[in-house]
Amino acid sequence: MKFENFIDRDKLYGMLENNTPTESQINEILNKARKLKGLNLEDVAKLLCVEDEAQIQKILETAMYAKEEIYGRRLVLFAPIYTGNACVNNCVYCGFRRDNKSLKRKVLTMDEIEQETLTLLRQGHKRALLICGESSRNNTDYMVEAIRRTYGAKDEKGSTIRRINVELAPMSIEDFAKLKAEHIGTYVCFQETYDPIMYKEFHPAGTPKADYLNRLTVMDRAQAGGINDVGLGVLFGLIDYKFEILALMEHARHLEEDWGCGPHTVSFPRIEPAEGTPFSTHVPHPVSDKDFKKIIAIIRIAMPYTGIIISTRESAEMRNELVKYGVSQISAASRTNPGAYSQEEENTGAQFSLGDHRSLDEVISMMCDEGYIPSFCTGCYRKGRVGADFMDLAKPGLIKEYCKPNAMFTFREYLEDYASPETRAKGLALLKELVTTFPKEELKRKVEGNLCQIGEGSRDLYF
């Protein structure tokens, strides 16, 4: 099966030339966005060219509206598990790059992966993202066993990881079928940059990652291998962010047209300093906080039903603000070096510097203060509401009847099993208030009933 390049570099750069929109054009685009049907490439190109502060504020306000209408106050939490930092690639911006001689290399054993998982479970996590470098030591068979050990871990309270997403190097259709058989959730792979010319500069020849087309078409192979949900992303700071956003839109369009469903998530990492990686402290195209907020907002209104992920690269203050403009998933209490959760004394090398060092309980406490519902929900995946089926429910708004209650159920579990006394008190008060917001009496009674059952010891309830 052969897949072709679907990124027209010259076309996308051309759309950004002399394309500053008028006030009336901006208003027309934003009125269209409020219908929650998304935007086309031309709309997005115009919004990307907006520089006026007052006009940017309009974009942010529209994104806030879309976020509230579709996601409400829910915010999904997860944690990454780095299974290794050995890598054959030599990406100039990455702490894991092959030529970084200052990095202490480590590939976790299966027992160590289980210990990492148990540490996260004891904090209250239910969703994990497995990540590793690209090397013969952590191949597909290794990852299959890692998935099994992660799912198989159980803490003293009986808690297990209910959803494993994976962020792995490109692979074959046959290997994707192996991952599918292990019941993974979303397959994530960052293109890093969609510019094929600049891609060569950041990914030196002679390594697997130097193959631009192989990476660009990985999601096609994932879909062909049976993976329902895929996650896109670029590394902001390598080239002009405006081109990258248009290319992300084109990738989403390609997936929708060829496979019937666009990306489940889009991630937004900015380059952060990494030990032994001079490039990471001299970013060629840094993205300012102002522009970062703008592009998060633009993607939220352009792809309103796609999850937006922000990691702990960003500061607590920035993450708190970005949640308002469209972010729907955040990592919490993350570590980016293998073994860091259960073996804190072992200083294996990290992929990048962290900006948010709060514990899971501290993050959840803040969310309670802001009226957000911390969610560890995995109900849709286990009910089979994935891929195109999920979008068929999400786009007419029907998914709300599942997501909000399920988020509340997983939040109540956390409050009962893992929360500090202060966070538990805040959370129970918030849940009591949230129950009153359901307009349908029958649904309200079901939600109240499940919350009471969880308080009495039941677990893993979902619609």
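For the structure, check the block above.
Residues numbered from 1 in each chain as written. Predicted model: local features only at pLDDT ≥ 70, side-chain atom pairs only at ≥ 80, totals over all residues. Heavy atoms only, no water.

*Asks:* An account of the overall build of the protein is requested, with residue identities and associated values reported.
*Replies:* In terms of helices and strands, the protein carries 19 helices and nine strands. Its C-alpha atoms give the protein a radius of gyration of 21 Å, within 12% of the compact-globule value 23 Å for 463 residues. The principal-axis extent of the C-alpha atoms belonging to the protein is close to 60 × 55 × 40 Å. A total of 463 residues make up the protein; the buried ones form 61% of that total. In the protein, once contacts between residues fewer than 6 apart in sequence are set aside, the share between residues at least 24 apart is 75%. For the protein, the distance from the average position of its 61 positive side-chain charges to the average position of its 68 negative side-chain charges is 3 Å. (Helix = DSSP H or I, 4+ residues; strand = E, 2+ residues; numbered from the N terminus. Rg over C-alpha atoms; globule rule 2.2 N^0.38 Å. Buried < 20%, exposed > 50% of the residue type's maximum accessible area, 1.4 Å probe, protein only. Contact = heavy atoms within 4.5 Å. Lys, Arg positive; Asp, Glu negative; His and termini not counted. Charge placed at Lys NZ, Arg CZ, Asp CG, Glu CD.)

*Asks:* Can you break down the packing of aromatic side chains residue by residue, with the values?
*Replies:* Per the stated rule, a full pass over the model turns up ten aromatic pairs. Ring centres of Phe3 and Trp259 lie 6.5 Å apart, and the angle between their planes is 55°; on these two criteria the pair is classed as tilted. Taken as a pair, Phe3 in the segment before helix H1 (9-14) and Trp259 in helix H11 (residues 241-259) lie far apart in primary sequence, 256 residues in all. The class for Phe3 is buried, based on a relative accessible area of 16%. Taking relative accessible area as the criterion, Trp259 reaches 30% and is therefore assigned partly exposed. (Phe/Tyr/Trp six-rings, centres within 6.5 Å; stacked < 30°, edge-to-face > 60°.)

*Asks:* Any details on the pairing of strand S1 (residues 74-84)? Residues and values, ideally.
*Replies:* Burial of S1 is extensive: eleven of the eleven residues sit out of reach of the surface. The pairing of S1 with strand S9 (residues 373-375) spans three bridges and is parallel. Within the sheet, the bridge partner assigned to Arg74 lies in S9 and is Ile373. Pairing of S1 with strand S8 (residues 329-331), which is carried by three bridges, proceeds in the parallel orientation. Its bridge partner being in S8, Phe78 is matched across the sheet by Ser331. Summarising the sheet, S1 and strand S2 (residues 127-132) pair through five bridges and their orientation is parallel. For Tyr82, the partnering residue across the bridge sits in S2 and is Ile131. Running through helix H5 (residues 110-123), the crossover from S1 to the neighbouring parallel element S2 is right-handed. (Pairing = 2+ DSSP bridges. Right-handed = clockwise from strand over helix to strand, strands pointing away.)

*Asks:* Can you break down the packing of helix H2 (residues 23-33) against helix H4 (residues 53-71) residue by residue, with the values?
*Replies:* Running from amino to carboxyl end, H2 crosses H4 at an angle of 5°, the nearest separation of the two axes being 10 Å. Considering their axes alone, H2 and H4 lie roughly parallel with respect to each other. In this structure, H2 contributes Glu23, Ile26, Asn27, Leu30 and Ala33 to the contact, and H4 contributes Gln55, Lys58, Ile59 and Thr62. Classifying every residue of the contact of H2 with H4 by side-chain character gives four nonpolar, three polar and two charged. (Axes fitted to C-alpha atoms, helices over the stretch in contact; angles between N-to-C directions. Parallel < 35°, antiparallel > 145°, perpendicular 65-115°, else oblique. Nonpolar A, V, L, I, M, F, W, Y, C, P; charged D, E, K, R; others polar.)

*Asks:* An account of the pattern of salt bridges is needed here, citing residue identities and associated values.
*Replies:* Considering all chains together, one arrives at 37 salt bridges under this definition. Among the ionic pairs, Asp195 bridges to Arg9, the shortest N-O distance being 2.8 Å. Here Asp195, found in the loop between strand S4 (186-188) and helix H8 (196-202), pairs with Arg9, found in helix H1; they are 186 residues apart in sequence, far enough to count as distant. Between Asp356 and Arg358 there is a salt bridge whose closest N-O contact spans 2.7 Å. (Salt bridge = Lys/Arg side-chain N within 4 Å of Asp/Glu carboxyl O.)

*Asks:* Help me get a handle on the environment of Tyr142, residues and values and all.
*Replies:* With respect to the secondary-structure elements, Tyr142 resides in helix H6 (residues 140-152). Residue Tyr142 is classed as buried on the basis of its relative accessible area of 11%. Counting along the chain gives 36 residues from Tyr142 to Lys106, while the straight-line C-alpha distance between them is 14 Å. Once you skip the residues sitting within four places of it in the chain, Tyr142 turns out to touch Thr83, Val107, Leu108, Met110, Ile113 and Arg137.

*Asks:* Go over the pairing of strand S5 (residues 229-233) with me, naming the residues and quoting the values.
*Replies:* The buried fraction of S5 amounts to five of the five residues, a majority that puts the element mostly inside the structure. Residues of S5 alternate between two faces, with Asp229, Gly231 and Gly233 on one and Val230 and Leu232 on the opposite face, all of them buried. One ladder, built from three bridges, connects S4 with S5; its direction is parallel. Bridged to Val188 within S5 is Gly231. Here S5 runs beside strand S6 (residues 265-267); their pairing, made up of three bridges, is parallel. Following the sheet pairing, Gly231 is matched in S6 by Thr265. Handedness of the crossover is the feature at issue here: the chain leaves S5, passes through H11, returns alongside S6, and the resulting connection is right-handed.

None of the figures reported here should be taken as evidence of function without further support.
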